[in-house]
Amino acid sequence: MTHRFISRFFSLLLIIPAHKVHAYWQVQDRPLDPKPYGRTVENPISVSYSHQGVIEGSGKPISSEKPFEMSGFVRNKTEKRLEFQIGYVTDTATYQPENCPVSIHLAMGTMRSTLKQQIPLRSVHPNAETFENLSSRYDYLMPAFSISLPQQEGSYQLSVVSDQRCVSGKLFVFDPKVWEKANSIPARRMALIVADSIGSAWFQNKRRFMPFVQNFFSKPGRSLATNVISISTNTIDTTRGLTDMRQSLQEATKLMSDHFDEKTGLIPSFLNAGYEVVNYSSNYLLSQDINHGGFRQYYNLDITGGANNSRNAEIRVSMYLDWLHRHPDHNVFIFTWFDDSHAWVTSPANRPEFKLQNLPYKVLERNQKTMEEQARSLSYLDMQLEKLLKSPQLQNADILFTSDHGLDYKTLNHPHPMWPSCSHSVSMNNNHVHPDAVETFAGLKLAHGTSVVPAHETSLFDWIKTAILRSHPNVDTSRWQGEDLKNSSPEDVIVSVSHQQRGSFRHRGQHYYFSELTCENKVPLTVLDKDLQPVSLEKSDNLIQRLVQLGFGQYQELSLDYYQMASDCRIKVDGLKAADNSTETLNFGMSPANWMESQTSYISALSAQVTISAIPDGCADVRISYLSRNVNGKLDLNNKSFLKFLASPAPHSLKFSRPTLVIAADSGALSIIKSGKFVHLNSQQKEKTSISANLKQAMKSWGYIQNEKE
C-alpha cells in the first residue's frame, strides 16, 4: 500500500466534510515544539552527507525498542489534518533496496485506527539517488502522511512503532503538525528567493542574461530595482542577517553569532503566525548546525558532489511544485537559496537564445572565464525560476527575488573573486569592501496592490519588510530592521556589514566604506569615500560616532591572543557562565602541527570572575583584551575598533594577577591598564619572563610592535 493511498484510506475512514471554496489552511499546532516557536528546534533530527546532502528539522527517532509517541490537543470544531513524514534514511553512496515495516496508531476520543506501512530506505548522499527519483515528488526521501482528525475539540495520540529492527538507516518521524481550515480569506503565500553572488550590473545597460526574471518583474504593478544595498558583502553574513532580520558586525573568527534573540527572526515570525515554512535549499549556512534559523524542515543539496548537485535547482524546483500542488490552499512561506548563480559554477544548460556578450564588468586577465561561467549560470537559473514562478499555486503569492551580495570583478583579477584569503594563489581576498560587492538587485511582485521602485537606494531589509507588511499582517515584524519602501528616504542611513569588521554605510546620501583588516597587516579602523580614498580623521570620527549612536545595550567578550611555547600546551579558562547559570571550564590549544604560530580565541558568557591559566606551567604567552559590543537591531559595532581608531595606538588589556584574574563589576566595566602587555602564563609562579625571538615575531604579526625600539 503506497503512502499516497494511506492518506485516502484515513480520509475515508474519518469522513472529510465537503471542501469549502476559498477557505484556507493554517498550522494550528506543532506538537513537538512549545509555543511560541523559537529559533532553537526542541527535538532536532538530522541526517547528512557532509554539506552536500542534508535533511534537518523537528522530529524523533523510532526503533523496535522505543516507539515514537506524541500527543496534542486541538481546539475548535473545524476541519483538521495531522500531517507528518516518516523517514528511513542513510548517508551512504550505495545501499540495497529495503523497506522498514511500521505500524501507525491514531486515537482521538472514541476513534481508534491502526495502519501498517512499509517505509523505503533512501539516502541523502548526492550520488545515491537518481535525478528522476529526487525530482519526482517532494516526499521521495521521506513519505508524507496527511490524516483527517474528527471535528471536535480534544486530545489525540499518535504512535509509530517499528515492527522489526531496521538498522540500515535512521528511522524517524519528521515535522508533525496539525493543519486547521480557517475562514474564507484566501491562503497567504510568500516566496523569498535568494540567488548567490549576483551584482546589479548584470541587469543594467540592456543586459538580458535572465530574460524571464526581467520580464516577470517588469510587468505593471511589479518592481525590479538595481540600486539595492545588500545586507553584507558575503554569504555568511547575509545568511545570518536574513535569519536574524537584523545586522551584526563579527570578529573574523566568529562567523556566526552566538548572541541571537530566540523569539524573533524571520522563521519564528512566520511559524507563530500559522504558516508552514518550506526550505529546499542550496546553502548549508542555513543549517541549524551553523546558524539558528529555526527551520522545522530543511533540505540542502548544493552545487558540489556529483551530477545531482549540479542540477540541484531543477530538483528543488520540482519538489516545491509538488508541495504546492498538494497544498493548494495552505498558508506557506517559501524561503529558498540558489547557489547555482555562483561565479565558478559550470551550468548544465542554457537558454537556446543565450549569447555571451555585453558582459557587465571589465574583463581582466584572470577573471574572464569566471565571468563567462556566471553569465551561463544566470541563464540556467532563469530557466528554473520560470518553471517555479509560472506555477498556478504562486499566482496569488508575494514573490521577492534578490541576491545576498555582488562581486568585485573590477579590482580582483582572480578566477575566484570571493572569500577572505590573502593568498593570491588560492583566492583573492575580500577583506576590503568595494562598491560592487554591496550593490545588488531586487524584484518584487505583491499579491495585493502595486510596488513602487524608489529612485534612491534602498536596503534589502526594506524590500523584505515591504512584502510582509502589505500582505501578511499576522507576521510580527516589530523587532526587525527595515521599513516599508514607501517610507524610505534618500537620507536614510543604510549599512552593509561583514565579519572582520568591514562594511559600508550611506550617510546623508554619500557612501563610505570601512575596514579593520587588510592583506598587508592589521590596521586601525579605516574609513574610505566612494572612490576608496581615506577620509579625514575628523570626518571618520564623526561617521563612526554616528554609527555608534544607532546602538544600545552591551554584551562582553574577552579576546585572547596566545603563543604556545610547547606543543602540548593548553589554555584553561575557569568561571565561564553556563546555560543554567552555573560556571564551567573551557580548555583549548593549538594542534601539534601549528603550535609555533600565534592564535586568537574569543570568550563570551563571562561570569563575575574568570581565571585564566596555562597547563603545564609557563607554556604560553598571552595578551588579553576586553571587548564591549553594542548590540542593536540596526548595527552591532565593536568598541575595541573605535578605541583603536580614535585614540589608542595599542589594544586595551585587562589588569591581571597570577594566575590571570578577570573581575567584571556589576556595571560590566573591567579594570583596564593603558597598554596591552604580553604576560607569561604560569598557574603558580608570579615572575615575569622575557619574551623569545619567536614570540617577538608573533607580536609583530599581531600588530602590537609598531616600533622595534619600543
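What counts as what
Residues numbered from 1 in each chain as written. Predicted model: local features only at pLDDT ≥ 70, side-chain atom pairs only at ≥ 80, totals over all residues. Heavy atoms only, no water. Helix = DSSP H or I, 4+ residues; strand = E, 2+ residues; numbered from the N terminus. Buried < 20%, exposed > 50% of the residue type's maximum accessible area, 1.4 Å probe, protein only. Contact = heavy atoms within 4.5 Å. Areas by Shrake-Rupley, 256 points an atom, 1.4 Å probe, with all protein chains shown as cover. Axes fitted to C-alpha atoms, helices over the stretch in contact; angles between N-to-C directions. Parallel < 35°, antiparallel > 145°, perpendicular 65-115°, else oblique. Nonpolar A, V, L, I, M, F, W, Y, C, P; charged D, E, K, R; others polar. pLDDT = per-residue confidence, 0-100. Lys, Arg positive; Asp, Glu negative; His and termini not counted. Salt bridge = Lys/Arg side-chain N within 4 Å of Asp/Glu carboxyl O. Polar contact = N/O pair within 3.5 Å; in protein donor to acceptor, adjacent residues only side chain to side chain. Pairing = 2+ DSSP bridges.

Draft legend 1. Spotlight on the overall build of the protein. When you go through the protein residue by residue, the secondary structure sums to 13 helices and 35 strands. The buried share among the 710 residues of the protein stands at 58%. When contacts within the protein are restricted to residue pairs at least 6 apart in sequence, long-range pairs at least 24 apart make up 76% of them. When the accessible surface of the protein is split by element, carbon and sulfur atoms take 50% of a total near 29,000 Å².

Draft legend 2. Representation of the packing of helix 7 (residues 312–326) against helix 8 (residues 368–389) within the structure. Closest axis-to-axis distance for the helix 7/helix 8 pair is 9 Å, and the angle between their directions is 10°. For the element pair helix 7 / helix 8, the angle class is roughly parallel. Of the residues in helix 8, those in contact with Ala-313, Glu-314, Val-317, Tyr-320 and Leu-321 of helix 7 are Tyr-380, Gln-384, Lys-387 and Leu-388. Residues belonging to the contact of helix 7 with helix 8 are distributed by class as follows: six nonpolar, one polar and two charged.

Draft legend 3. View of the confidence of the model for the protein. Confidence along the protein averages 75 in pLDDT terms, with 66% of residues attaining 70 or more. Considering each helix and strand of the protein separately, the mean pLDDT is smallest for strand 34 (residues 672–673), with a value of 28, and largest for strand 8 (residues 122–123), with 98. In the predicted structure, residues 1–21 sits below a pLDDT of 50 and forms 39 contacts with residues beyond four places in sequence or in another chain. Low confidence marks residues 701–710, where pLDDT is under 50. Its contacts with residues over four positions away, or in another chain, come to 19 contacts.

Draft legend 4. Here's a closer look at the side chain of Arg-207. With respect to the helices, strands and loops of the structure, Arg-207 is situated in the loop between strand 12 (189–195) and helix 3 (211–216). In this structure, Arg-207 is buried with no salt-bridge partner, the nearest side chain bearing the opposite charge being Asp-436 at 10 Å. At 2.9 Å, the side chain of Arg-207 and the backbone oxygen of Asn-358 are in polar contact. Ignoring sequence-local partners within four residues, the contact set of Arg-207 consists of Ala-201, Trp-202, Gln-214, Asn-358, Leu-359 and Pro-360.

Draft legend 5. Quick peek at the sheet that holds strand 7 (residues 111–120). Judged by pairing direction, the sheet is antiparallel, and its four strands sit side by side in the order 4-10-6-7 without closing on themselves. Pairing within the sheet leaves two strands with one partner each, and these edge strands are strand 4 (68–74) and strand 7. Across this sheet, the average inter-strand angle for adjacent strands is 15°, counted without regard to direction. Summarising the sheet, strand 6 (residues 99–108) and strand 10 (residues 154–162) pair through seven bridges and their orientation is antiparallel. Bridge pairing in strand 10 places Val-102 opposite Ser-162.

Draft legend 6. Up close: unusual backbone geometry. The peptide bond linking Lys-35 to Pro-36 adopts the cis configuration, its omega dihedral lying at -5°. By secondary structure assignment, the location of Pro-36 is in the loop between strand 1 (25–29) and strand 2 (44–49). Phi at Met-245 is positive, roughly 55°, even though this residue is not glycine. Looking at the secondary structure, you find Met-245 in the loop between helix 4 (235–244) and helix 5 (266–271). Residue Met-245 is classed as buried on the basis of its relative accessible area, which comes to 0%.

Draft legend 7. How the structure looks around helix 4. Within helix 4, ten of the ten residues are buried, which leaves it mostly tucked inside the rest of the structure. Among the residues making up helix 4, those that are buried are Thr-235, Ile-236, Asp-237, Thr-238, Thr-239, Arg-240, Gly-241, Leu-242, Thr-243 and Asp-244. Buried residues along helix 4 sit against strand 12, helix 5, strand 17 (332–338), helix 10 (460–471) and strand 21 (494–498). For helix 4, the side-chain oxygen to backbone nitrogen distance between the N-cap and Ile-236 is 3.0 Å, and the N-cap itself is Asn-234. Looking one or two residues past helix 4, Met-245 carries a phi angle of roughly 55°, positive in sign.

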